[in-house]
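Structural description and commentary
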Amino acid sequence: GAVVSQHPSRVICKSGTSVKIECRSLDFQATTMFWYRQFPKQSLMLMATSNEGSKATYEQGVEKDKFLINHASLTLSTLTVTSAHPEDSSFYICSASWDSGDEKLFFGSGTQLSVL
Amino acid sequence: RKEVEQDPGPFNVPEGATVAFNCTYSNSASQSFFWYRQDCRKEPKLLMSVYSSGNEDGRFTAQLNRASQYISLLIRDSKLSDSATYLCVVNGGSSNTGKLIFGQGTTLQVKP
């Protein structure tokens, strides 16, 4: 099946620093990539949808200036958490879809961000 | 009301038991439905799609009731390896955009 690579898998950083997370589709061209956040014992919450070559569409309540998304190619999307704070500590997961017609998503392995 | 609601559990069952999970969704325009499995601090993995006619994959059976906006997952002959969180997932609208809404998940613990 399709593979989505996400890294780093774990990040521990100091408050105020910025963290970049990469999501790559390894064997297909991802027309759309999604970024989710998951707090403990909660569901995945969609943060934003990014399409290659255009600006990301953010969900209500997600600060676009804090969570910068770049989708410069059909195989790479990045999420940068700017000026991270402890409340940004969470599990971030990307997913990618291609025009398969059945809406199946392929997920990256996730990034556990801990902000001290 | 949450867009996708599930009983978080946990469901604690012995090996070999049959267990059923339910899920309700609020958007009547939703067209696609899935069950995903998520192990602790791992990415979700697609377990099965859910079709109106109901579908079965080995020990797993999924059913959809559009009138009641209700989805179910039945697991027969539970194995220890079935222990995980099961996510009910619904597409966010009538268009095929890939924007999926996840339920909170139902935790299953299968005991020896």
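The residue count restarts for each chain, going from 1 along the sequence in the order it is written. All chains are assigned letters beginning with A, and all ligands numbers beginning with 1, in the order in which they are written. Selection of residues for local features in this predicted model requires a pLDDT of at least 70, selection of side-chain atom pairs for listing and counting requires 80 or more, and totals for whole chains, interfaces and linings are taken over all residues. Side-chain metrics in this entry use all non-hydrogen atoms of the structure; hydrogen atoms and water are not considered.

1. Digging into the overall build of chain A
Tallying secondary structure elements over chain A gives 0 helices and 11 strands in all. Its helices and strands taken in sequence order, chain A reads β-β-β-β-β-β-β-β-β-β-β from the N to the C terminus. Our radius of gyration is a C-alpha quantity, and the globule rule it is checked against amounts to 2.2 Å times the number of residues to the power 0.38. Taking 116 residues into account, the globule formula puts the C-alpha radius of gyration at 13 Å, and chain A, at 13 Å, falls close to it. Along the three orthogonal principal directions, the C-alpha set of chain A runs to about 40 × 25 × 20 Å. Classification of the 116 residues of chain A by burial places 49% in the buried group. With residues, only the protein chains shown are counted as cover, and all accessible areas are computed by Shrake-Rupley using a 1.4 Å probe. Roughly 5600 Å² of accessible area belongs to chain A as shown, and the carbon and sulfur atoms make up 51% of that amount. Of note, chain A has its 10 positive side-chain charges centred 9 Å away from the centre of its 11 negative side-chain charges. Here a strand is any run of E in DSSP of at least two residues, a helix any run of H or I of at least four, and the numbering for each starts at the N terminus. To sort residues, take the accessible area from a 1.4 Å probe on protein chains only and compare it with the maximum for the residue type: under 20% means buried, over 50% means exposed, and anything in between is partly exposed. For the purpose of charge, His is not counted, nor are the chain termini; Lys and Arg are scored as positive and Asp and Glu as negative. Charged side chains are reduced to one point each, which is NZ for Lys, CZ for Arg, CG for Asp and CD for Glu.

2. Some thoughts on the sheet that holds strand β3 (residues 19-25) of chain B
All names here are of chain B. Two strands qualify as a pair provided DSSP detects at least 2 bridges between them. Strand order across the open sheet formed by 5 strands is β1-β3-β8-β7-β6, with antiparallel pairing between neighbours. At either end of the open sheet lies a strand with only one pairing partner, and these are β1 (4-6) and β6 (55-57). This sheet shows a mean twist of 20° between the axes of neighbouring strands, independent of strand direction. A fitted line through C-alpha atoms serves as each axis, taken over the contacting stretch for helices, and the angle formed by two N-to-C directions is quoted from 0 to 180°.

3. Quick word on the pattern of salt bridges
Residue and element names in this part refer to chain B. Salt bridges are defined as contacts in which a side-chain nitrogen from Lys or Arg sits within 4 Å of a carboxyl oxygen from Asp or Glu. Taken as a whole and judged by the stated rule, the model has 6 salt bridges over all chains. We note a salt bridge from Glu-56 to Arg-76, for which the minimum N-O separation is 3.5 Å. Here Glu-56, found in strand β6, pairs with Arg-76, found in the loop between β8 (70-75) and β9 (84-91); they are 20 residues apart in sequence, far enough to count as distant. Here Arg-76 falls in the partly exposed class, since its relative accessible area comes to 27%. Among the ionic pairs, Asp-82 bridges to Arg-59, the shortest N-O distance being 2.8 Å. Separated by 23 residues along the polypeptide, Asp-82 in the loop between β8 and β9 and Arg-59 in the loop between β6 and β7 (60-65) bring together distant segments of the chain. A residue is classified by how much of its surface remains accessible, and Arg-59, at 21% relative accessible area, is partly exposed.

4. Here's the deal with the side chain of Ser-95 of chain A
All names here are of chain A. With respect to the secondary-structure elements, Ser-95 resides in strand β9 (residues 90-97). According to the relative accessible area criterion, Ser-95 is buried, its value standing at 0%. Not counting the four nearest positions on each side in its chain, Ser-95 is found in contact with Thr-32, Met-33, Phe-34, Tyr-36, Leu-105, Phe-106 and Phe-107. Throughout, a residue-residue contact means that at least one pair of heavy atoms, one from each residue, lies within 4.5 Å.

5. Thoughts on unusual backbone geometry
The peptide bond linking His-7 of chain A to Pro-8 of chain A adopts the cis configuration, its omega dihedral lying at 5°. Within the secondary structure layout, Pro-8 of chain A lies in the loop between β1 (4-7) and β2 (10-13). In the segment running from Gly-9 of chain B into Pro-10 of chain B, the intervening peptide bond is cis, with an omega of 10°. As for its position among the elements, Pro-10 of chain B is in the loop between β1 and β2 (11-14). A positive phi angle, close to 60°, is found at Arg-41 of chain B, a residue other than glycine. For Arg-41 of chain B, the position within the fold is in the loop between β4 (33-38) and β5 (45-50).

6. Focus: the pairing of β9 of chain B
All names here are of chain B. With 7 of 8 residues buried, β9 lies mostly within the body of the structure. Relative to β9, β4 is paired through 6 bridges, and the arrangement is antiparallel. Note on β9: the bridge partner recorded for Phe-34 is Val-89. Bridging between β9 and strand β11 (residues 106-111) involves 3 bridges; their strand directions are antiparallel.

7. Regarding the state of the cysteines
Any pair of cysteine sulfurs within 2.5 Å is marked as a disulfide. According to the stated counting rule, one finds 2 disulfides over all chains in the structure shown. Linked covalently through their sulfurs, Cys-23 of chain A and Cys-94 of chain A form a disulfide whose S-S length is 2.0 Å. Residues Cys-23 of chain A and Cys-94 of chain A are joined through a disulfide that is right-handed, its torsion about the S-S bond being 80°. One end of the pair, Cys-23 of chain A, is in strand β3 (residues 19-25); the other, Cys-94 of chain A, is in strand β9, with 71 residues separating them in the sequence. Exposure remark for Cys-23 of chain A: the relative accessible area of 0% places this residue in the buried category. Note on Cys-94 of chain A: relative accessible area 0%, which makes it buried. Linked covalently through their sulfurs, Cys-23 of chain B and Cys-88 of chain B form a disulfide whose S-S length is 2.0 Å. Across the S-S bond linking Cys-23 of chain B and Cys-88 of chain B, the dihedral sits near -75°, which makes this disulfide left-handed. Of this pair, Cys-23 of chain B sits in strand β3 while Cys-88 of chain B sits in strand β9, and the two are 65 residues apart along the sequence. With a relative accessible area of 1%, Cys-23 of chain B lands in the buried category. For Cys-13 of chain A, which is in no disulfide, the shortest distance to another cysteine sulfur is to Cys-94 of chain A and amounts to 18 Å. For Cys-13 of chain A, a relative accessible area of 10% gives the class buried.

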